[in-house]
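# Structural description and commentary
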Amino acid sequence: MDINWGTLGGVFGVSLGITVVVVVMFSLGLAAWARAGHGEPAPGTPPGRQQKVAAVTAVLCFAACLAVAAYGIDLIVPG
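## Looking at the state of the cysteines
- Going through the model one piece at a time under the given rule, you end up with zero disulfides.
- Summary of cysteine pairing: Cys 61 is not part of a disulfide, and the nearest cysteine sulfur, belonging to Cys 65, is at 7.0 Å.
- Judged by its relative accessible area of 7%, Cys 61 is buried.

## Looking at helix H2 (residues 49–76)
- An ideal rise of 1.5 Å per residue puts 40 Å on 28 residues; H2 measures up with 41 Å between its terminal C-alpha atoms.
- All of the buried residues in H2 are Ala 54, Ala 55, Ala 58, Cys 61 and Cys 65.
- At its buried positions, H2 is contacted by helix H1 (5–35).

## Looking at the packing of aromatic side chains
- Counted according to the given criterion, the structure contains two aromatic pairs.
- Members of the aromatic cluster, connected to one another through ring pairs, are Phe 26, Trp 33 and Phe 62.

## Regarding the environment of Leu 66
- Tracing the backbone through its elements, the reader meets Leu 66 in helix H2.
- Once the C-alpha coordinates of Leu 66 and Val 22 are considered, the two residues, 44 residues apart in sequence, prove to be 9.2 Å apart.

Thresholds, definitions, all that
Within each chain, residue numbers correspond to sequence positions counted from 1 in written order. The predicted nature of this model means local features are confined to residues of pLDDT at least 70 and side-chain atom pairs, given and counted, to a pLDDT of 80 or more, with totals for whole chains, interfaces and linings taken over all residues. No hydrogens and no water enter the side-chain calculation; it runs on all heavy atoms of the structure. Pairs of cysteine sulfur atoms within 2.5 Å are identified as disulfides in what follows. Three exposure classes are used, based on accessible area relative to the maximum for each residue type with a 1.4 Å probe and protein chains only: buried under 20%, partly exposed in between, and exposed over 50%. Numbering goes from the N terminus for both helices and strands, where a helix is a DSSP run of H or I of at least four residues and a strand is a run of E of at least two. The span one expects for a helix is its residue count, reduced by one, times 1.5 Å. Any pair of residues with heavy atoms lying within 4.5 Å of one another is described as a contacting pair. Put simply, two rings from Phe, Tyr or Trp (the six-membered ring, in Trp's case) pair if the centres are within 6.5 Å, and we call them stacked under 30 degrees between planes, edge-to-face over 60, tilted for the rest.

Given below as structure tokens:
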């Protein structure tokens, strides 16, 4: 049995890179979600444009994480 170390290293590198990207996107989503006031909303503060943009950013970050996870499951599960 022969191991192709170059291919194994490539798979490791891509997996590590995708993992880092997903963790960063999820962290940015959490930060944007908190900035939008969904963690503990400040009393009496009307939602402004900045909070709406932060909420949209959070949703997009979480959607990107979900898309990567769904694609990974699609690759693993035979269909």
